[in-house]
Amino acid sequence: MKIELKLFATLVQFLPENSDEYPIDQGETVQSLLGKLGIPEEDVTLYFINAARAYLESEIKDGDRVGLFPPVGGG
Amino acid sequence: MSSSIKDDIQDQAIRISLPKGGEGDTISIDAIASIAKMHGQPGYVIEAEALKDSVFPTRYLRNMDGITSDEQIRLLESSVAQVGLGGLGGNLLEMFIRTGIGRIRAADGDNFEESNLNRQALSSPDNIDRPKSDAGLVRTNQINPSIAIETWNEYLNPQSLPDFLANCDIAIDALGGLKTRLALQQAATEAHIPLVTGALAGWTGYVGVVMPGQLGPADIMGHDNAAEETLGCPSPAVTFIASLMATETLKILTKSPASLTNKMLLVDLKHLTFETISI
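Owing to the predicted nature of the structure, the values given are computational and were not obtained by experimental measurement.

Trainee: Now, about the overall build of chain B: what can you tell me, with residues and values included?
Mentor: The helix and strand inventory of chain B stands at eleven helices and eleven strands. What you see for chain B is a C-alpha radius of gyration of 19 Å, in line with the 19 Å of a compact globule of 279 residues. A total of 279 residues make up chain B; the buried ones form 49% of that total. In chain B, of all internal contacts separated by at least 6 residues, the share reaching a separation of at least 24 is 65%.

Structure representation (structure tokens):
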């Protein structure tokens, strides 16, 4: 099972090379994905799966496009 | 007996060949200013009257038909309350005054500093250490004296926000940092007006439209430690996010469907990706 991973702003440093086909396990959640990527939970404020807002416990499925966005407030 | 506004507009109208073909009546910026002065009215009122009589203010001629005559009237008769006159705010003000939104109330309690010069349209070496609100007033009167501009040289807070938003049609979140954004969103809900918001860090940013009582980016983003502290705010990203915010604002004021209602458009200019997500 593979997903497309999109990381924004300061999270780009955690982007794996295989982000277009990032392997996931059965029952993968946003929270377990953050653990795999080594991203501290407090660094991410917005998660989305296929253009809908998601949550830490949201399950990720094969072929999903998953985005992670940090706090951003500059102007 | 003194003449009516309507008569004065017709007297000063000039028939020209329109850029889109055919002929039409137009009225110059000088004529608008003199009629406004003669009748003790702000220029935007005269401009709206002219449009209602099918006389086109020359200054808005090239808005057509991207902005139709009816839409231009709506904009001239609208009022926005914009919080922030920094990076996003300076660009937004420039677009609002050139487009022709009749009444603008804008607040910022900050003075310019040298590190603003990379992106803040109202800043220049001449006004370092001077109030951003003063620069907003000067710029508006310089570019479009038809606009009724009111500037507040203060940082708004939950106590002052209701007065600031009073009698305005829309709230604009052009704040820097996350600290006051949620308070503004809540005040807009209390005032029963839509909020257009946007922010960025580096080459990444977002824009959203929040209808009263709905969830918005400020509910999600938290209050501190945001990415712009390390990634900064480069000029093209600031201007781009401001352009998206201005466009959504015009759509709402002209009663066109706003594309980002209860959504966020996430922009990554470095990798050129655009994602609209429901929140």
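Trainee: So what about the interface of chain B and chain A? Which residues, and what values?
Mentor: Listed per partner, the contact involves 36 residues of chain B and 18 residues of chain A. Among the secondary structure elements, those contributing two or more residues to the side of chain B that touches chain A are α5 (87-99), β8 (195-201), β9 (204-210), α9 (217-221), α10 (228-231), β10 (263-268) and β11 (273-278) of chain B. Class assignment for the residues of the side of chain B that touches chain A results in 17 nonpolar, 15 polar and four charged.

Trainee: So, unusual backbone geometry: which residues are in play, and what are the values?
Mentor: Here Met-64 of chain B and Asp-65 of chain B are connected by a cis peptide whose omega angle stands at -20°. Along the chain, Asp-65 of chain B turns up in the loop between β3 (55-57) and α4 (69-76). Its identity as a non-glycine residue notwithstanding, Asn-50 of chain A has a phi of 50°, on the positive side. Tracing the backbone shows Asn-50 of chain A in the loop between β3 (46-49) and β4 (52-54). Despite not being glycine, Asn-167 of chain B shows a phi value in the positive range, around 65°. With respect to the helices and strands, the residue Asn-167 of chain B is situated in the loop between α7 (161-165) and β7 (170-173).

Trainee: Quick one: what's the story with the nonpolar core, residue by residue and with numbers?
Mentor: Grouped together as the largest cluster of nonpolar side chains are 101 residues, with contacts concentrated most on Val-72 of chain A together with Leu-92, Leu-165, Ala-171, Ile-172, Ile-241 and Met-245 of chain B. Sort the elements by how many residues they give to this core and helix α11 (residues 235-253) of chain B lands first, with ten residues. When residues of this core are assigned to domains, at least three fall in each of domain 1 (9-73) and domain 2 (78-278) of chain B. When neighbours within four sequence positions are excluded, Ala-171 of chain B is seen to be in contact with Ala-81, Leu-165, Leu-184, Ala-188, Ile-193 and Leu-195 of chain B.

Trainee: Can you lay out the confidence of the model for chain A for me, pointing to particular residues and giving the numbers?
Mentor: Here chain A averages 96 in pLDDT, and 100% of its residues register 70 or above. Ranking the elements of chain A by mean pLDDT puts β4 of chain A last with 96 and helix α1 (residues 30-37) of chain A first with 98.

Trainee: Explain the domain arrangement of chain B to me, and be specific about the residues and the numbers.
Mentor: Many analyses report the size of an interface as the accessible area lost when the parts associate. All names here are of chain B. You can read the domains of chain B as domain 1 (9-73) and domain 2 (78-278). Using C-alpha coordinates to define each centre, domain 1 is positioned 28 Å away from domain 2. Facing the ten residues of domain 1 at the interface are eight residues of domain 2. Going through the elements one at a time, α2 (29-39), α3 (43-52) and α4 are the ones with two or more residues in the side of domain 1 that touches domain 2. With three residues, α3 is the single largest residue contributor to the side of domain 1 that touches domain 2. Here the side of domain 1 that touches domain 2 is composed, by residue class, of five nonpolar, three polar and two charged.

Trainee: How would you explain α2 of chain B if you had to name every residue and give the values?
Mentor: All names here are of chain B. Listing the buried residues of α2 in full gives Ala-31, Ile-32, Ile-35 and Ala-36. For α2, the angular spread of buried residues about the axis comes to 130°, placing them on one side. The exposed set on the far side of α2, more than 90 degrees from its buried face, consists of Asp-30 and Lys-37. Buried residues in α2 make contact with α1 (5-12), β2 (23-27), α3 and β3.

Trainee: Describe in detail the environment of Gly-63 of chain A, supporting the description with residues and values.
Mentor: Its location among the elements puts Gly-63 of chain A in the loop between β4 and β5 (65-69). For Gly-63 of chain A, a count of 10 C-beta atoms within 10 Å gives the class exposed.

Calculation rules
- Each chain has its residues counted from 1, following the order in which its sequence is written.
- Chain letters start at A and ligand numbers start at 1, both assigned in the order the entries are written.
- Per-residue local features are limited, in this predicted model, to residues with pLDDT of at least 70; the limit for side-chain atom pairs, both in listing and counting, is 80 or more; totals at the level of whole chains, interfaces and linings are taken over all residues.
- Numbering goes from the N terminus for both helices and strands, where a helix is a DSSP run of H or I of at least four residues and a strand is a run of E of at least two.
- Here the globule rule is a power law, 2.2 Å times the number of residues to the power 0.38, and the radius of gyration is based on C-alpha atoms.
- The burial criterion counts other C-beta atoms lying within 10 Å of a residue's C-beta, which is placed from the backbone; the residue is buried at 20 or more, exposed at 12 or fewer, and partly exposed between these limits.
- Remark: residues whose backbone-derived C-beta atoms lie within 7 Å of one another are considered to be in contact.
- Residue polarity is assigned by list, with Asp, Glu, Lys and Arg as charged and Ala, Val, Leu, Ile, Met, Phe, Trp, Tyr, Cys and Pro as nonpolar; anything else, Gly included, falls into the polar class.
- Each nonpolar core reported here comprises buried Ala, Val, Leu, Ile, Met, Phe, Trp, Tyr and Cys residues connected via C-beta atoms within 7 Å.
- Domain start and stop positions are those given by an automatic or database domain assignment.
- Each residue carries a pLDDT value, the predictor's own confidence for that position, ranging from 0 to 100.
- By definition, the arc is the one covered by directions from the helix axis to the C-beta atoms.

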